[in-house]
Amino acid sequence: AQTVTQSQPEMSVQEAETVTLSCTYDTSESDYYLFWYKQPPSRQMILVIRQEAYKQQNATENRFSVNFQKAAKSFSLKISDSQLGDAAMYFCAYSGGGADGLTFGKGTHLIIQP
Amino acid sequence: NAGVTQTPKFRILKIGQSMTLQCTQDMNHNYMYWYRQDPGMGLKLIYYSVGAGITDKGEVPNGYNVSRSTTEDFPLRLELAAPSQTSVYFCASSYARPQVTSTDTQYFGPGTRLTVL
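Residues numbered from 1 in each chain as written. Chains lettered and ligands numbered in written order. Predicted model: local features only at pLDDT ≥ 70, side-chain atom pairs only at ≥ 80, totals over all residues. Heavy atoms only, no water.

Engineer: What should I look at first to understand the interface of chain B and chain A in this one?
Structural biologist: A common way to state how big an interface is: give the accessible area lost once the parts meet. Opposite the 27 residues of chain B that make contact, chain A presents 20 residues. Taking both partners together, chain B and chain A bury about 1,800 Å²; carbon and sulfur atoms supply 55% of that area. Linking chain B with chain A are zero salt bridges. At the surface where chain B touches chain A, the tally comes to six residue pairs in polar contact (both at pLDDT 80 or more). Mapped by element, the contributors of at least two residues to the side of chain B that touches chain A are β4 (31-37), β5 (43-51), β9 (87-94) and β11 (112-116) of chain B. (Contact = heavy atoms within 4.5 Å. Buried area = accessible area lost by both parts, 1.4 Å probe. Salt bridge = Lys/Arg side-chain N within 4 Å of Asp/Glu carboxyl O. Polar contact = N/O pair within 3.5 Å; in protein donor to acceptor, adjacent residues only side chain to side chain. Helix = DSSP H or I, 4+ residues; strand = E, 2+ residues; numbered from the N terminus.)

Engineer: Before we go on, may I ask you to explain the sheet that holds strand β1 (residues 4-7) of chain B in this structure?
Structural biologist: Strand pairing in a sheet is mediated by backbone hydrogen bonds. Such pairs are either parallel or antiparallel. Residues and elements named next belong to chain B. Within the open sheet, the four strands sit side by side as β1-β3-β8-β7. Their pairing is antiparallel. Here the strands that pair on one side only, and so sit at the sheet edges, are β1 and β7 (64-66). With strand direction ignored, the average angle separating the axes of adjacent strands in the sheet is 20°. The sheet contact formed by strand β3 (residues 19-25) and strand β8 (residues 76-78) spans three bridges and is antiparallel. (Pairing = 2+ DSSP bridges. Axes fitted to C-alpha atoms, helices over the stretch in contact; angles between N-to-C directions.)

Engineer: I tried to follow the packing of aromatic side chains on my own but got confused; where do I start?
Structural biologist: In this description, a pair of aromatic rings is defined by centroid distance and the angle of the planes. Taken as a whole, this structure holds 16 aromatic pairs over all chains when the rule is applied. Look at Y37 of chain A and F108 of chain B: their rings are 5.3 Å apart centre to centre, the planes differ by 80°, and that puts the pair in the edge-to-face class. Residue Y37 of chain A is located in strand β5 (residues 33-39), and its partner F108 of chain B is located in strand β10 (residues 107-108); the two belong to separate chains. For the pair shown, Y37 of chain A and F108 of chain B are each scored as buried. (Phe/Tyr/Trp six-rings, centres within 6.5 Å; stacked < 30°, edge-to-face > 60°. Buried < 20%, exposed > 50% of the residue type's maximum accessible area, 1.4 Å probe, protein only.)

Engineer: Looking at this structure, how should I read the side chain of R43 of chain A?
Structural biologist: Along the chain, R43 of chain A turns up in the loop between β5 and β6 (46-52). Despite its burial, R43 of chain A pairs with no opposite charge, the nearest such side chain being D38 of chain B at 12 Å. Excluding residues that lie within four positions of it along the chain, R43 of chain A makes contacts with K9, F10, V88, F90, P110, G111, T112 and R113 of chain B. (Lys, Arg positive; Asp, Glu negative; His and termini not counted.)

Engineer: I keep staring at the state of the cysteines and nothing clicks. Help me out?
Structural biologist: Each disulfide is one covalent bond, formed between the sulfur atoms of two cysteines. Residues and elements named next belong to chain A. Using the criterion set out here, one finds two disulfides over all chains in the structure. Put simply, C23 and C92 are joined by a disulfide, and their sulfur atoms are 2.0 Å apart. Between C23 and C92 the disulfide shows an S-S torsion of about -70°. By sign, it is left-handed. Of this pair, C23 sits in the loop between β3 (19-21) and β4 (24-26) while C92 is found in strand β10 (residues 88-95), placing the two residues 69 residues apart along the sequence. This pair shows no difference in class: C23 is buried, exactly as C92 is. (Disulfide = S-S within 2.5 Å.)

The values are spatial; any link to function lies outside them.
Take a look at the structure:
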């Protein structure tokens, strides 16, 4: 079974600075998909960014970018110019494709210091 | 589009009671999912469905049942509520292209907070 590990239960960053959240995963598949979801206090799960394993180029979405290291099975999220609205739980998730759902890590609580 | 909607938002049950959590999506997605999120944890898959009339178990199916009679609706049934089922429940949906091994992004509902006392 696939596993997703987020080793940082909590991270803190000053507003306007850059922070990187770590995620590692374990799989025997060669094709798969990785996601970062944001969960603010409202509980809503919001997609931040998505990466297809067959793509070598790292995904970016405005201030959010990933560092995808396939051989190392690492998928970190970088948030640039941190804003107060970025404060939330961040979950890394894996999908092997098809219908078998997402496997989530335990999450990282991101605190933004004003 | 309303996206994925869930009712109720909150519910308190007594041990042994039954209830159905409702989930509806208006995006014409073929795949639908139920997850639960326990405190301090990520989401875990309970059941999923690839289309009307087809459902399958996820990682933590015990104590739950599902049905999928239409593309839009995917209710989750708790038959005999137990304190271990106290959790936040999320429904999600996605679109998978036929005959293509891929996965599209899952869109989540707002969640139902269930407490069993």
